[in-house]
Amino acid sequence: MTMRPIRIIGDPVLRTPSEPVTTFDAELRALVTDLMDTLLGAPGRAGVAAPQIGISAQVFVYDADGHRGHMINPTLELSDEPQDDDEGCLSIPGLYFPTPRAMHATAHGVDQHGEPLTITGSGFLARALQHETDHLAGRLYVDTLRGDARRRALREIRAGRFATPER
């Protein structure tokens, strides 16, 4: 089991769009395994994206609402129906804010062997798919916040008032 350290806000890899995966080999399968080990190695985690462990690749793993897996080179289809629950991020540990997301999401991509893959979810799974896909585009959940929630989040981040991440 290889748990990789999580990169924290301020690390440029978190703000840089990831590279699409073009080679489906043993190195990619090892990355998927490391991501899953990192996800499952500590309780309460719903997803981990490659940039969060310092790798610029469009790959993420998830474990939400009884669904566990990985997705490579995802694109999303989102419903117009909103949800607005608290969201947090391993890269901004300890901070949670009401974050607007679509209630339903369908992710299209491929698996670690290059085979087509589609994942459809509602509620928490939809939130996880959107959150992890955002990481691949260099976005963090705080980027979606508005108004007072955004001001509070940015104030907390600037003050460094977030917990030390689990390794």
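Each chain carries its own residue numbering, running from 1 in the written order of its sequence. Residue-level local features of this predicted model are given only where pLDDT is at least 70; pairs of side-chain atoms are given and counted only at 80 or more, and the full residue set underlies all totals for whole chains, interfaces and linings. Note that the side-chain values use all heavy atoms of the structure and ignore hydrogens as well as water.

**Re helix 1 (residues 26-40)**
Phase 1 of the analysis: By definition, any uninterrupted DSSP run of H or I lasting at least four residues is a helix, any uninterrupted run of E lasting at least two residues is a strand, and each is numbered from the N terminus. In this scheme, a helix's expected span is set at 1.5 Å multiplied by one less than its residue total. Under the 1.5 Å per step criterion, the end-to-end length of helix 1 is 21 Å for 15 residues, consistent within 8% with the ideal 21 Å.
Phase 2 of the analysis: When we look at burial in helix 1, the residues that qualify are Leu 28, Leu 31, Val 32, Asp 34, Leu 35, Met 36, Asp 37, Thr 38 and Leu 39.
Phase 3 of the analysis: Structurally, helix 1 contributes buried residues whose contacts are with strand 1 (47-49), strand 2 (59-64) and strand 3 (67-78).
Phase 4 of the analysis: Polar contacts here mean pairs of N or O atoms no more than 3.5 Å apart (in protein, one a potential hydrogen donor and the other a potential acceptor; neighbouring residues in sequence count only if both atoms are side-chain atoms). Taking the backbone nitrogen of Glu 27 as reference, a side-chain oxygen 3.2 Å away marks Asp 25 as the first, capping residue of helix 1. When a residue's accessible area, from a 1.4 Å probe over protein chains only, is under 20% of the maximum for its type it is buried; when over 50% it is exposed; and in between it is partly exposed. Contacts are residue-level and defined by heavy atoms, with any inter-residue pair within 4.5 Å sufficient.

**Overview of the environment of Leu 136**
Phase 1 of the analysis: Its place among the elements puts Leu 136 in helix 2 (residues 123-136).
Phase 2 of the analysis: Through-space distance from the C-alpha of Leu 136 to that of Leu 28 is 16 Å; in sequence the pair is 108 residues apart.
Phase 3 of the analysis: Excluding residues that lie within four positions of it along the chain, Leu 136 makes contacts with Pro 17, Ser 18, Ala 49, Pro 51, Ala 57, Gln 58, Val 59, Phe 60 and Pro 74.

**Here we look at the UniProt feature "active site" (unreviewed entry) in the protein chain**
Phase 1 of the analysis: Here the UniProt feature "active site" (unreviewed entry) sits at Glu 132.
Phase 2 of the analysis: By secondary structure assignment, the location of Glu 132 is in helix 2.
Phase 3 of the analysis: Not counting the four nearest positions on each side in its chain, Glu 132 is found in contact with Gly 47, Val 48, Ala 49, Gln 52, Phe 60 and Val 61. UniProt positions are given in the numbering used here, feature names are shortened, and annotations may be inferred rather than shown by experiment.

**What to know about the pattern of salt bridges**
Phase 1 of the analysis: For this analysis, a salt bridge means a side-chain nitrogen from Lys or Arg found within 4 Å of a carboxyl oxygen belonging to Asp or Glu. Evaluated as defined, the whole model comprises 9 salt bridges.
Phase 2 of the analysis: The salt bridge partner of Arg 127 is Glu 87, with a shortest N-O separation of 2.4 Å. Within this pair, whereas Arg 127 is found in helix 2, its partner Glu 87 is found in strand 4 (residues 82-89), the two being separated by 40 residues in sequence.
Phase 3 of the analysis: Accessibility expressed as a relative area gives 4% for Arg 127, which makes it buried.

**A few points about the UniProt feature "binding site: Fe cation" (unreviewed entry) in the protein chain**
Phase 1 of the analysis: Mapped onto this numbering, the UniProt entry gives "binding site: Fe cation" (unreviewed entry) at Cys 89, His 131 and His 135. Judged by maximum C-alpha separation, these annotated positions cover 47 residues in sequence but sit close together in space, the widest gap being only 10.1 Å.
Phase 2 of the analysis: For His 131, the position within the fold is in helix 2.
Phase 3 of the analysis: A residue is classified by how much of its surface remains accessible, and His 131, at 8% relative accessible area, is buried.
Phase 4 of the analysis: Contacts of His 131, omitting those with residues within four sequence positions, involve Glu 87, Gly 88, Cys 89, Arg 101 and Tyr 141.
Phase 5 of the analysis: Looking at where His 135 falls in the secondary structure, it is placed in helix 2.
Phase 6 of the analysis: According to the relative accessible area criterion, His 135 is buried, its value standing at 2%.
Phase 7 of the analysis: Residue contacts for His 135: discarding those within four places in its chain leaves Ser 18, Ala 49, Pro 51, Gln 52, Cys 89, Ser 91 and Leu 140.

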